[in-house]
Amino acid sequence: MPNKIPKLQIDMKTMGGRQFWGDVLFFRGYRIQQNVLTQHYRLLDPEDIRREWGTEQECTQALQKIIDEKKLPAMSGKAVILIHGIVRSSKSFSKMQVALEKDGYTVVGFDYPSTRMTMAESADFLTKTIASLHGIQQIDLVCHSMGGLLVRTYLKENGKDRDPRIHRLVMMGTPNQGAQMANLVENNLAYQWIFGPAGKELKKNEQGVIASLPVPDFEFGIVAGARNTEDGWNPLVPGDDDGTVSVESAKLSGAKDFMTVSSLHSFVTDDSEGIEGVRRFLKTGCFRENGICNPIE
């Protein structure tokens, strides 16, 4: 920020604007974020109260001071990173977060500027956040919609240098074969303005961005929203669907397990059956209590 502007730090709740911030560091609920417009940073506490702002160094120093004053221990054990879809935020995983915290995980509610950047640019925030999880021995990932594509983009961008602690991944309502709805509205100015650069990348296209993304090289499972009918919720989407993404588009070869839940796209992460399935998959590698998987060959 310009040196001529006096810096006034007031501890206050954030006013929203989540589409303009990306996480770069996580520690026991504290997060350092960067603003994609001004490029400055802020430190948020577990209650989303801003404790510092300015340069990354200033925020890092402020966090270290809090750690020293509160005598916060280093992180350890297993962590789950929750990755939201386009236009959403980590708040969309509120039910999921409570369930996974009960299972003993350190839950990382990851935020990124999904509508302001390409998926490759947003994946850089995920790379930095994963790297900041010092002391964590195992990392699992649970993603909604475009969040699953962000993980695949992370794998493409990092290649063999991807974090070896990543264990399992669950993708919920992710358009792994592209979203037909994005094709239908790609020329709509409102869609272009709201969904931004990443919105263009969601199209179903054999030569598009999604088609270039790698299949995860670790265990992953897929949950798709469905109506369990031939035509699904949305007549504009071929086959069964969740209103936005078809069941077939959610599938990805190599998945260790696959399941559907009766839910619309935006509510897949709140579905009780889906949440229980996620908990089991992270523990055992299968969604169902009987341990029988339905892999996608």
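These numbers come from a predicted model, not from an experiment.

Reading the values: rules and limits
Residues numbered from 1 in each chain as written. Predicted model: local features only at pLDDT ≥ 70, side-chain atom pairs only at ≥ 80, totals over all residues. Heavy atoms only, no water. 1 Å grid on protein atoms, 1.4 Å probe; cavity = no way out; pocket = protein on both sides within 12 Å on 5 of 7 lines; lining within 4 Å. Points joined across faces, edges and corners; volume = space filled by probe spheres on them. Helix = DSSP H or I, 4+ residues; strand = E, 2+ residues; numbered from the N terminus. Phe/Tyr/Trp six-rings, centres within 6.5 Å; stacked < 30°, edge-to-face > 60°. Buried < 20%, exposed > 50% of the residue type's maximum accessible area, 1.4 Å probe, protein only. Lys NZ or Arg CZ within 6 Å of the ring centre and 35° of its normal. Axes fitted to C-alpha atoms, helices over the stretch in contact; angles between N-to-C directions. Parallel < 35°, antiparallel > 145°, perpendicular 65-115°, else oblique. Left-handed = near helix turned anticlockwise from the far one by under 90°. Contact = heavy atoms within 4.5 Å. Nonpolar A, V, L, I, M, F, W, Y, C, P; charged D, E, K, R; others polar. Core = buried A, V, L, I, M, F, W, Y, C linked by side-chain atoms within 4.5 Å. Pairing = 2+ DSSP bridges. Right-handed = clockwise from strand over helix to strand, strands pointing away.

> Mind showing me how you'd approach empty space enclosed by the protein here?
In this approach a probe as big as a water molecule rolls over the atoms, and the regions it shows empty are the leftover space. Tallying each qualifying case throughout the model produces one cavity of 30 Å³ or more. When its volume is computed, the largest cavity comes out at roughly 30 Å³. Looking at the largest cavity, the residues that line it are Thr14, Gly16, Arg18, Arg31, Gln33, Arg42 and Leu44. For the lining of the largest cavity, the elements supplying multiple residues, two or more each, are β3 (30–35) and β4 (41–44).

> Can you help me understand the packing of aromatic side chains in this one?
To describe a pair of aromatic rings, you give the distance between the ring centres and the angle between the ring planes. A full pass over the atoms with the stated rule returns three aromatic pairs. Between Tyr191 and Phe195, the ring centres sit 4.6 Å apart and the planes meet at 25°, which makes this aromatic pair stacked. In this pair, Tyr191 and Phe195 are both assigned in helix α6 (residues 189–201), four residues apart and thus about one turn of the helix distant. By relative accessible area, Phe195 is classed as partly exposed at 24%. Between the NZ or CZ atom of Arg227 and the centre of the ring of Trp233, over which it lies, the distance is 5.0 Å. The side chain of Lys251 reaches across the aromatic face of Phe258, ending 5.3 Å from its centre.

> Just to check I follow, could you spell out the packing of helix α2 (residues 94–102) against helix α8 (residues 272–284) for this structure?
Put simply, α2 and α8 touch, their axes get as near as 10 Å, and they point 40° apart. Regarding the angle of α2 to α8, the classification is oblique. Handedness of the α2/α8 crossing: right-handed. Within the contact between the two elements, α2 uses Lys95, Met96, Ala99 and Leu100 and α8 uses Ile275, Val278, Arg279 and Leu282. Classifying every residue of the contact of α2 with α8 by side-chain character gives six nonpolar, no polar and two charged.

> Where do I start with unusual backbone geometry in this structure?
Negative phi values dominate among residues other than glycine, just as trans dominates among peptide bonds. Look at Asp48: it is not a glycine, yet its phi comes out positive at around 65°. Mapped onto the elements of the fold, Asp48 is located in the loop between β4 and β5 (49–54). Here the phi dihedral of Val87 falls at roughly 70°; this positive angle occurs in a residue that is not glycine. Its place among the elements puts Val87 in the loop between β6 (78–83) and α2.

> Even after reading the chapter, I still don't get the nonpolar core, so can you show me in this structure?
Burial of nonpolar side chains together is a common tendency in soluble globular proteins. By size, the foremost hydrophobic cluster in this structure holds 60 residues, and its most contacted members are Ile81, Ile83, Leu141 and Ile222. Ranked by the residues each element gives to this core, the list is headed by helix α4 (residues 146–158), at six residues. Setting aside residues up to four positions removed in sequence, Ile81 forms contacts with Val108, Phe110, Leu126, Ile130, Leu133, Ile139, Asp140, Leu141 and Val142. In terms of nonpolar packing, the next biggest core, distinct from the first, is built from 20 residues, Val107, Val142, Val170 and Val268 among them.

> I would appreciate a short explanation of the pairing of β6 in the present structure.
Walk down a regular strand and you will see the side chains alternate between the two sheet faces. Counted residue by residue, β6 has five buried out of six residues, so it is predominantly covered. Here β6 runs beside strand β8 (residues 138–144); their pairing, made up of six bridges, is parallel. Looking across to β8, one finds that Lys78 is bridged to Gln138. Two elements, β6 and strand β7 (residues 106–110), share five bridges in a ladder whose sense is parallel. Paired with Leu82 across the strands is Gly109, a residue of β7. Between the parallel elements β6 and β7, the chain passes through α2 in a crossover that is right-handed.

So, to be careful, I would describe these as geometric facts and stop short of saying anything about function.
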